[in-house]
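The residues making up each chain are set out below.
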Amino acid sequence: MPELGRAALVAALGLILYAALVGGYAALRGRRRLLDSAINALLAACAATGVASLVLLAALAGRDFSFEYVAEGTSRELPTGYTLAAFWSGQAGSLLLWLLVLTAAGSAAVALNRRLVREVLPWTVPIVAAVATFFALLLVFVASPFATQAAPADGAGMNPSLQNPYMMIHPPMLYLGYVGLTIPFAFAMAALASRQTDERWIVATRRWTLAAWTFLGFGILLGAKWAYEEVGWGGWYAWDPVENAALMPWLVATAFLHSVFVQEKKNMLRVWNVVLVAGAFGLALFGTFLTRSGVINSIHSFTQSSIGPWFLGFIAVVAGASIALILVRLPLLRARTRLESLVSREAAFLYNNLFLVAFALTILWGVVYPLVSEALRGVAVTVGAPYYEFFAVVFGLPLVLLMGIGPLVAWRRASLRSLGLSLLWPAGVALAVGLVLLALGAGSSPVGLVGYTFAAFVLAAIVLEFVRGTRARHGLGGVGWVGALTGLIARNRRRYGGYVVHAAIVLLLVGAVGIGGFSTTREAKLAPGETMQVGDYRLVYEGSDQRRGANALELRARLAVFRDGESLGALSAGKNRYLAEGETSNEVGIRTDWLRAEDLFVIADQFNADGTVFLEVLVNPLVNLIWLAGLVFVGGSLIAMWPDAREQRRLAQRFADGGALARA
Amino acid sequence: MEIVALLLAALLTVALVLFVARPFLRPSAQESDRLEQPSATELERTRLLEERDRALAALKELEFDHRTGKVSDADYRELVGPLRRRAAETLRALEHKEGAERERHEADVRA
Amino acid sequence: MAKRRNPVRLVVALSVAAALAVFLLYTSFAGGATASLRPSQLAEHRGDEVSLAGRVVGPVTGDARGDGLRFTLRDIDGTATVPVVYTGSVPDLFKTGRHVYMKGELQSGTFVAEEDSLVTKCPSKYAPKES
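Residues numbered from 1 in each chain as written. Chains lettered and ligands numbered in written order. Predicted model: local features only at pLDDT ≥ 70, side-chain atom pairs only at ≥ 80, totals over all residues.

When its secondary structure is counted, chain A shows 20 helices and 10 strands. Its C-alpha atoms give chain A a radius of gyration of 27 Å, near enough to 26 Å, the size a compact globule of 664 residues would have. With the C-alpha coordinates of chain A rotated into their principal frame, the extents come out at 90 × 75 × 55 Å. Every one of the 664 residues in chain A was classed for burial, and the buried ones make up 55%. Within chain A, counting contacts between residues at least 6 apart in sequence, those at least 24 apart form 72% of the total. (Helix = DSSP H or I, 4+ residues; strand = E, 2+ residues; numbered from the N terminus. Rg over C-alpha atoms; globule rule 2.2 N^0.38 Å. Buried ≥ 20, exposed ≤ 12 C-beta atoms within 10 Å, placed from the backbone. Contact = placed C-beta atoms within 7 Å.)

If you want it as structure tokens, here you go:
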């Protein structure tokens, strides 16, 4: 079957090239049938890629080791779930996933928007196809998933750190995000190419952008959960370049989501919006490049990698073409509207954008600086967490503050007096919370205390918004309190969905500060029967066991946990020794206390020959709020994304072909 | 096994090529093959509609902000006037445009 | 319409300038970035607290939680080596052949590493297979 897979990919490449070239010609010359043909080609390419994907899935499911890719990433003893997930665990397979999602999303975006944006559509097709061409070229010529070999007896197995449920769905989530960002990018560039300066492309891609951004954000949190449980050093985010690779496009996409509001209301920031969407897409490609090309390990492994230079070239082409197109259309885009006041909601959005983009740029510098330094000076440099954490605080705290102030400020112009009055109640709550926390000993981390005070401020502001809105609706009469609340949310989905998302970010902040600023660590070497005390917890080491798991030898230290004399059950931590892969992995023991939202985190660092075990134990307060924040984030996003029948009708009317009168 | 794969690949290729050629094989439902670019009047109309929607939305939002207490009475009185005038302007511009279009259309019909 | 000085531009320019200043300063001075040395460069920094990066060469003996884990570190692309003694937590991925770095200082010919400072570079799952 590998021949079928290879043929399907070649077919996909041909179809995509057709869509790009013929679509481009059709857009240039205005040929309807050629455009329809190009759209069909994009759809057909999706089908062909689907066939190739099925071939690979079948090979994985059947453990067909004559496929090099299957042999490199799985083994006979690997559980089925992980075997199937090996589709995207290696380079060629993940490129195939990219192409599949891109052609599917591209076809869907074109098909669903046919009526709404018929002028912009012609150029969207060749642009999406051009991006797809890159991946198809790589798959056919450089990194094929269908290379064959004489089948060995068993495969090399999967990297043990990937054998974790969160790592299974983390890549597809991220790709839905990265690829999803291609759609607004394509529509934006298409709008520029066809001289459309109105907000049509934004309206058409609004939900796509929101969905992509949600997947990306959720994917990042999944990665963090994986890092917390699997890598298990006690933390959840290490500011590793690979993590930052996904964070950067997410930050820029967040800025974009906010600044389109301003374009919608005031018809300004049009150039900035196009720059942002191109930036987000460029960073998504850069992120893919960072994780694929090995460039982070060293310049050396980058140059030896087969696809690194290709990616860099492609990013350069995309960047160059986008910049050129924006510059050419600059006169058309320049807005005549000006910012009326530095104290207004528009200004708040502008500040928000500045901080988000600045933060993204500092992360970019932190990632790129070591590579530049090594390439130019030959000096290996590492940029560690302190650098990133510094800027996370410097840019993050003002951003949190803006989350609270922004919603309370009116559009256009807010008199400082009315702003002050609106802020009074949330500020008061924040101050009270701050003082209480100070009394409880939170002063041990000043930054944490400030963070919590700001968090309280934002939460109070959000609650105030909901309360005032509900009261206003209720005051109109005819609905009870619950009806007023649901009606309020239903009629202002983006606004109140956005507030829920802000609440999620605040939850994340609270959790991050909890584990970052207020966690406790203890280390001890224990013999069976001995105990150690960490915070409120007392642990007794009972002994160690070894058992044979599905594909590993599992060594575990058994512990009994007590708090205030009460038994909280057993906990085990240890190591897995993977037979096929010849690697050892750390398996931490976590006991989650849901009421306190804290974790007792046990690392069995070393098992000694004399029966003793070296343990490192942490108490991480509030860390589970981070994961809860992920769920609230998705919930808020869904509210904001939810289709609004009335809005759809109004927009359809606005973009309907010709005027109603012209048809009389 | 190879033969099966090759046959499937061939079938797939044929099906896909047919699908791509479909717009040329079916009798066209539309009169012309040209992709209509929006005319200047259409673009103008869209722009006016956008401005009208923007002005009306701004007015609605001001009312909402006032009702929820975000905008004080004094600020409201100051802001509502210009916004109402702007909204009225956009509605007038749209009516004017539609009136002009109607006249032109009737002239075409008569001719 | 008289062209009014647009406050947006001023705000943007000032912010960009400020941000630029802050992080350029930080990366150059405040030690956001730490340079790491190779075993071949160690001789010149006898007695200094430095960062050392290299490839692990066996045999690996001893107890990191006891007297100290002992191994040899070699230049990534070179032949110079230095014996290392390390105490503290050992990352999962630590193995002969892996690229690691740690902090510490050279004392009488042996590099004594700072406790818990050993870090392994994640071998990229997408990098070319190392033989």
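Before going further, it helps to spend a moment on the overall build of chain C. The helix and strand tally for chain C stands at one helix and seven strands. Along chain C, from the amino end to the carboxyl end, the secondary structure elements read α-β-β-β-β-β-β-β. Counting every position in chain C, which comprises 131 residues, the buried fraction comes to 22%. Within chain C, contacts between residues separated by at least 24 positions form 47% of all contacts whose residues are at least 6 apart in sequence.

Inter-chain contacts occur across two pairs of chains; the most extensive set of contacts lies between chains A and B. Between chain B and chain C there is no contact; the minimum C-alpha to C-alpha separation amounts to 17 Å.

The subject of this paragraph is the packing of helix H16 (residues 446–475) of chain A against helix H18 (residues 493–517) of chain A. Residues and elements named next belong to chain A. Axis separation between H16 and H18 bottoms out at 10 Å; the angle between their running directions is 160 degrees. With respect to H18, the axis of H16 lies roughly antiparallel. Read as a crossing pair, H16 and H18 show a hand that is left-handed. Across from Val 447, Gly 448, Gly 451, Tyr 452, Ala 455, Val 458, Leu 459, Ile 462 and Glu 465 in H16, the residues of H18 making contact are Tyr 499, His 502, Ala 503, Val 506, Leu 509, Val 510, Val 513 and Gly 517. Its residues assigned to classes, the contact of H16 with H18 shows 12 nonpolar, four polar and one charged. (Axes fitted to C-alpha atoms, helices over the stretch in contact; angles between N-to-C directions. Parallel < 35°, antiparallel > 145°, perpendicular 65-115°, else oblique. Left-handed = near helix turned anticlockwise from the far one by under 90°. Nonpolar A, V, L, I, M, F, W, Y, C, P; charged D, E, K, R; others polar.)

We now examine the interface of chain A and chain B. Taken together, the contacts link 43 residues of chain A with 44 residues of chain B. Secondary structure elements with two or more residues in the side of chain A that touches chain B: helix H1 (2–29), helix H2 (32–61), helix H15 (416–439) and H16 of chain A. Ranked by the residues each element gives to the side of chain A that touches chain B, the list is headed by H2(A), at 11 residues.

What follows concerns the sheet that holds strand E8 (residues 589–593) of chain A. Residue and element names in this part refer to chain A. Across the sheet, which stays open at both edges, the four strands sit in the order E2-E10-E9-E8 with antiparallel pairing between neighbours. Of all the strands in the sheet, just strand E2 (520–526) and E8 have a single pairing partner and so form its edges. Taken over all neighbouring pairs, the strand axes of this sheet differ in orientation by 15 degrees on average, direction set aside. Summarising the sheet, E8 and strand E9 (residues 598–607) pair through five bridges and their orientation is antiparallel. Across the sheet, the residue bridging to Arg 591 is Leu 600, located in E9. (Pairing = 2+ DSSP bridges.)

So, about helix H12 (residues 308–333) of chain A. All names here are of chain A. The end-to-end C-alpha distance of H12 is 35 Å, a good match for the 38 Å that 26 residues give at a rise of 1.5 Å each. At Leu 327, H12 shows its strongest bend, of approximately 35 degrees, with the proline Pro 331 following within four residues. Looking only at H12, the buried set comprises Gly 308, Phe 311, Phe 314, Val 318, Ser 322 and Arg 329. (Expected span 1.5 Å × (residues − 1). Bend = angle between axes of the 7 residues up to and from the residue.)

All names here are of chain A. The sheet built from five strands is open, its strands ordered E3-E4-E5-E6-E7 with antiparallel pairing. Across the chains shown, the open sheet's two edge strands, defined by having one partner strand only, are strand E3 (531–534) and strand E7 (583–587). Between one strand axis and the next, the sheet turns through 30 degrees on average, direction left out of account.

Looking now at the domain arrangement of chain A. By domain assignment, chain A separates into domain 1 (1–163), domain 2 (165–395), domain 3 (415–518 + 627–641) and domain 4 (521–620). Here the C-alpha centroids of domain 1 of chain A and domain 3 of chain A sit 43 Å apart. (Domains from an automatic or database assignment.)

So, about the pairing of E3(A). Residues and elements named next belong to chain A. Inspection of the sheet shows E3 paired to strand E4 (residues 537–548) by four bridges, in the antiparallel sense. Looking at E4, one finds that Val 534 is bridged to Tyr 537. Between E3 and E4, which pair antiparallel and follow one another directly, the connecting turn spans two residues, one of which, Gly 535, has a positive phi of 60 degrees.

All names here are of chain A. Counting 220 residues, the largest nonpolar core has Leu 15, Ala 19 and Leu 42 as the members making the most contacts within it. Considering each element in turn, this core owes the most residues, 19 residues, to helix H8 (residues 200–231). Those residues in contact with Ala 19 that sit more than four places away from it in its chain are Ala 38, Ala 41, Leu 42, Ala 45, Val 125, Pro 126 and Ala 129. If you look at the next biggest cluster of nonpolar residues, it comprises 20 residues, including Tyr 537, Val 588, Leu 600 and Phe 614. (Core = buried A, V, L, I, M, F, W, Y, C linked by C-beta atoms within 7 Å.)

Before going further, it helps to spend a moment on helix H1 (residues 2–25) of chain B. Taking 1.5 Å of rise per residue, the 24 residues of H1(B) would be expected to cover 34 Å, and the 33 Å separating its terminal C-alpha atoms lies within 8% of that figure. Remark: the principal bend of H1(B), roughly 35 degrees, maps to Phe19(B), with a proline, Pro23(B), within the next four residues. Within the sequence span of H1(B), burial applies to Ala9(B), Leu16(B) and Val20(B). Close packing links the buried residues of H1(B) with H1 and H2 of chain A.

With that settled, consider the confidence of the model for chain C. Residue and element names in this part refer to chain C. When pLDDT is averaged along chain C, the result is 75; 75% of the residues meet or exceed 70. Note on residues 124–131: pLDDT is under 50 here. Beyond four places in sequence and across chains, it has 17 contacts. The ipTM, which scores confidence in the relative placement of chains, is 0.85 for this predicted complex, and the corresponding pTM is 0.90. (pLDDT = per-residue confidence, 0-100.)

Okay, the environment of Arg473(A) next. Following the sequence through the fold, Arg473(A) ends up in helix H16. Separated by 467 residues in the primary sequence, Arg473(A) and Arg6(A) have C-alpha atoms spaced 61 Å apart.

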